[in-house]
Amino acid sequence: MEKIRIGTRGSKLALWQAYYVQDRLQAQGIDSEIITIETKGDKVLDVSIAKIGSKGVFTEEIEEQLRQGQIDIAVHSAKDMPSELPQGFSLIAFSEREKEHDVLVSTQKGLNLSDASRPLVVGTSSTRRVAILKRFYPHIRTVEVRGNLQTRIRKMEEGACDALLLAYAGVHRMGYEAMIQQHLPLAHFTPAAGQGSVAIEVYENLSSEKRQAVRAAINHPATEQRLLAERAYLHTLEGGCSIPSFALAEWKGDLLQLRAGLVSLDGSQWIVKEESAPAEQAEALGHKLAQAVLAEGGKAILAEIKKGKA
Ligand SMILES: NCc1[nH]cc(CCC(=O)O)c1CC(=O)O
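Here the structure is a predicted model, which means the values were calculated and not measured. By convention here, each chain's residues receive numbers from 1 onward along its written sequence. Reporting of local features is limited, given that this is a predicted model, to residues whose pLDDT is at least 70; pairs of side-chain atoms are given and counted only at 80 or more, and all residues count toward the totals for whole chains, interfaces and linings.

### Notes on the overall build of the protein chain
Next, step 1: In this text, helices come from DSSP runs of H or I with a minimum length of four residues, and strands from runs of E with a minimum of two, each type numbered from the N-terminal end. Across its full length, the protein chain carries ten helices and 13 strands.
Next, step 2: Between the two quantities, the radius of gyration covers C-alpha atoms and the globule rule is 2.2 Å times the number of residues to the power 0.38. On C-alpha atoms alone, the protein chain measures out to a radius of gyration of 19 Å, which is about the 19 Å that the 2.2 N^0.38 rule sets for 310 residues.
Next, step 3: For the protein chain, the spread of C-alpha atoms along the principal axes amounts to about 60 × 45 × 40 Å.
Next, step 4: Counting other C-beta atoms within 10 Å of each residue's C-beta, where C-beta atoms are placed from the backbone, gives the exposure class: buried for 20 or more, exposed for 12 or fewer, partly exposed between. Among the 310 residues that make up the protein chain, the fraction classed as buried is 44%.

What follows is the structure, encoded as structure tokens:
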């Protein structure tokens, strides 16, 4: 088989993920080459992602190269992938998931979100994290801090904020674990769908030989089932990463337990549902919880968010 051409963004985290995929391919005797691609989301650093529109800002240029056959596969953080891809594109593999929770990162030792006597300024650009902070930690002030992980940490060190709220997976991959001050509880900070897993995207023109080889080398079935449930939830909610929704599926014996919900931007409304189902019903479980969330106030929350953006 010819070499697999791997497309990726150029940030350190994206490259880590691409090298990880390359290692997994190499372990199966498959040669590959990494091609970095700059996206709009990498270039536009002064405008919030929520404002430029989340759909495709980190993926459009990469998808164009997939379409033209200049790369065979694209490597992404699963969390960054919209629940619906453009015509002809699909995710064919999900890597074994890293720990999926969020962490508080700072150079100041011993910081803690719960300590109301020391109200922190927390940097984040995630609407989910801002809304959850408003709900459960109302004494915390937030500021928008964007850019790749290294840029965010530099901005924090320059005084933009006391601490950052980040996914453990990225912090771990970049080797910043020593800066973790607090591991946040999943019951409050339920992660966004897909957090902690790496997804492989392909275009329909990829040969079935390459498709099968990549899936066999990268896909982790127990992770894939979890993400299918989470992404089905996201899909029915019709939301990308710019809405404050969350979804985490976990294995409880043979059953998948999905916890999923939605929080209003100001934190005043909080809808969460939890239910289990056998693995074959992973997607049905996601759709079902989304419908329940929409029916019990979710529709109104989403309409409110849309109105704010118009
Ligand atoms: N939206 C940015 C993003 N996309 C994926 C990760 C972390 C790695 C992962 O979740 O797999 C991050 C950074 C963060 O949320 O702290």
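Structure shown, so let's carry the discussion forward.
### Focus: the sheet that holds strand 6 (residues 121-123)
Hydrogen bonds between backbone atoms are what pair the strands of a sheet, whose relative direction is either parallel or antiparallel.
Next, step 1: Taken in spatial order, the five strands line up as 7-6-8-5-9 in an open sheet, and their pairing is mixed. This sheet does not close on itself; its edge strands, each paired only once, are strand 7 (141-143) and strand 9 (180-183). The sheet shows a mean angle of 30 degrees between the axes of neighbouring strands, taken without regard to direction.
Next, step 2: Note on pairing: DSSP must find at least two bridges between two strands before they are called paired. Direction of pairing for strand 6 relative to strand 7: parallel, over a ladder of three bridges. Considered in strand 7, the bridge of valine 121 is made with arginine 141. As a rule, the C-alpha atoms of each element are fitted with a line to give its axis, helices using only the stretch in contact, and angles between N-to-C directions run from 0 to 180 degrees.

### Side note on the site of the ligand
Next, step 1: The criterion for a residue being near a molecule or strand is a backbone-placed C-beta atom within 6 Å of that molecule or strand. Around the ligand sit Ser77, Lys79, Asp80, Leu166, Ala167, Ala169, Gly170, Gln195 and Gly196, and that is every residue in its neighbourhood.
Next, step 2: Listed by contribution, the elements that provide at least two residues to the shell around the ligand are strand 8 (163-167) and helix 7 (168-173).
Next, step 3: Residue polarity is assigned by list, with Asp, Glu, Lys and Arg as charged and Ala, Val, Leu, Ile, Met, Phe, Trp, Tyr, Cys and Pro as nonpolar; anything else, Gly included, falls into the polar class. A breakdown of the residues in the shell around the ligand according to their chemical character gives three nonpolar, four polar and two charged.
Next, step 4: These domain limits were set by an automatic method or by a database of domain assignments. Residue contributions to the shell around the ligand reach at least three from each of two domains, namely domain 1 (1-96 + 197-219) and domain 2 (102-183).

### Quick look at helix 8 (residues 208-218)
Next, step 1: Of the positions making up helix 8, those classed as buried are Val214, Ala217 and Ile218. Within helix 8, the buried residues cover an arc of 80 degrees as seen down the axis, which keeps them to one side. Every exposed residue of helix 8 that faces more than 90 degrees away from the buried side is listed here: Ser208, Glu209 and Gln212.
Next, step 2: Any two residues are considered in contact once their C-beta atoms, placed from the backbone, lie within 7 Å. Of the surrounding secondary structure, the elements contacted by the buried residues of helix 8 are strand 1 (4-8), helix 1 (12-27), strand 3 (73-77), strand 4 (89-94) and strand 10 (198-203). Of all possible arcs, the one meant is that of the directions from the helix axis to the C-beta atoms.

### Digging into the nonpolar core
Next, step 1: In this usage, the nonpolar core is the set of buried Ala, Val, Leu, Ile, Met, Phe, Trp, Tyr and Cys residues whose C-beta atoms join them within 7 Å. Ile73, Ile200, Ala229, Tyr233 and Leu258 are the most contacted members of the largest nonpolar core, which totals 77 residues.
Next, step 2: Setting aside residues up to four positions removed in sequence, tyrosine 233 forms contacts with Ala193, Ala247, Leu258, Ala260, Gly286, Leu289 and Ala290.

### Some details on helix 9 (residues 221-237)
Along an α-helix, residues three or four apart share an orientation, since each turn contains 3.6 residues.
Next, step 1: The span expected for a helix works out to 1.5 Å for each residue beyond the first. Here helix 9 contains 17 residues, and its C-alpha end-to-end distance of 24 Å stays within 8% of the 24 Å for a straight helix at 1.5 Å per residue.
Next, step 2: Among the 17 residues of helix 9, 13 are classified as buried, and the element is accordingly described as predominantly covered.

### Re the sheet that holds strand 13 (residues 270-278)
Next, step 1: What the three strands build is an open sheet, ordered 11-12-13; its pairing is antiparallel. Since the sheet does not close on itself, it has two edges, and those belong to strand 11 (245-252) and strand 13, each with one partner. Sheet twist, expressed as the mean angle between neighbouring strand axes with direction ignored, is 15 degrees.
Next, step 2: Note that strand 11 and strand 12 (residues 255-263) share eight bridges and pair antiparallel. Its bridge partner being in strand 12, serine 245 is matched across the sheet by leucine 262.
Next, step 3: Taken strand by strand, helix 5 (residues 127-136) contacts strand 11, strand 12 and strand 13, and its axis lies near 80 degrees from that of strand 12.

### Some words on the environment of leucine 255
Next, step 1: Structurally, the position occupied by leucine 255 is in strand 12.
Next, step 2: Judged by the 15 C-beta atoms lying within 10 Å of it, leucine 255 is partly exposed.

### Some details on the packing of helix 9 against helix 10 (residues 282-309)
Next, step 1: Axis separation between helix 9 and helix 10 bottoms out at 7 Å; the angle between their running directions is 35 degrees. In the crossing of helix 9 with helix 10, the sense of the turn from one axis to the other is right-handed. Note on element contacts: helix 10 touches helix 9 through Ala282, Glu283, Leu285, Gly286, His287, Leu289, Ala290, Gln291, Val293 and Leu294, opposite Gln225, Leu228, Ala229, Glu230, Arg231, Ala232, Tyr233, Thr236 and Leu237.
Next, step 2: Classifying every residue of the contact of helix 9 with helix 10 gives eleven nonpolar, five polar and three charged. Note on convention: the crossing is left-handed when the near helix lies turned anticlockwise from the far helix by less than a right angle, right-handed when the turn is clockwise.

### Overview of the pairing of strand 1
As a general feature of sheets, a regular strand has side chains that alternate between the two faces.
Next, step 1: Judged by how many residues are buried, strand 1 sits mostly within the fold: four of five residues are covered.
Next, step 2: Relative to strand 2 (residues 32-36), strand 1 runs parallel, the two sharing five bridges. Across the sheet, the residue bridging to arginine 5 is glutamate 33, located in strand 2.
Next, step 3: With two bridges joining them, strand 1 and strand 3 adopt parallel strand pairing. Of the residues in strand 3, the one forming a bridge with glycine 7 is alanine 74.

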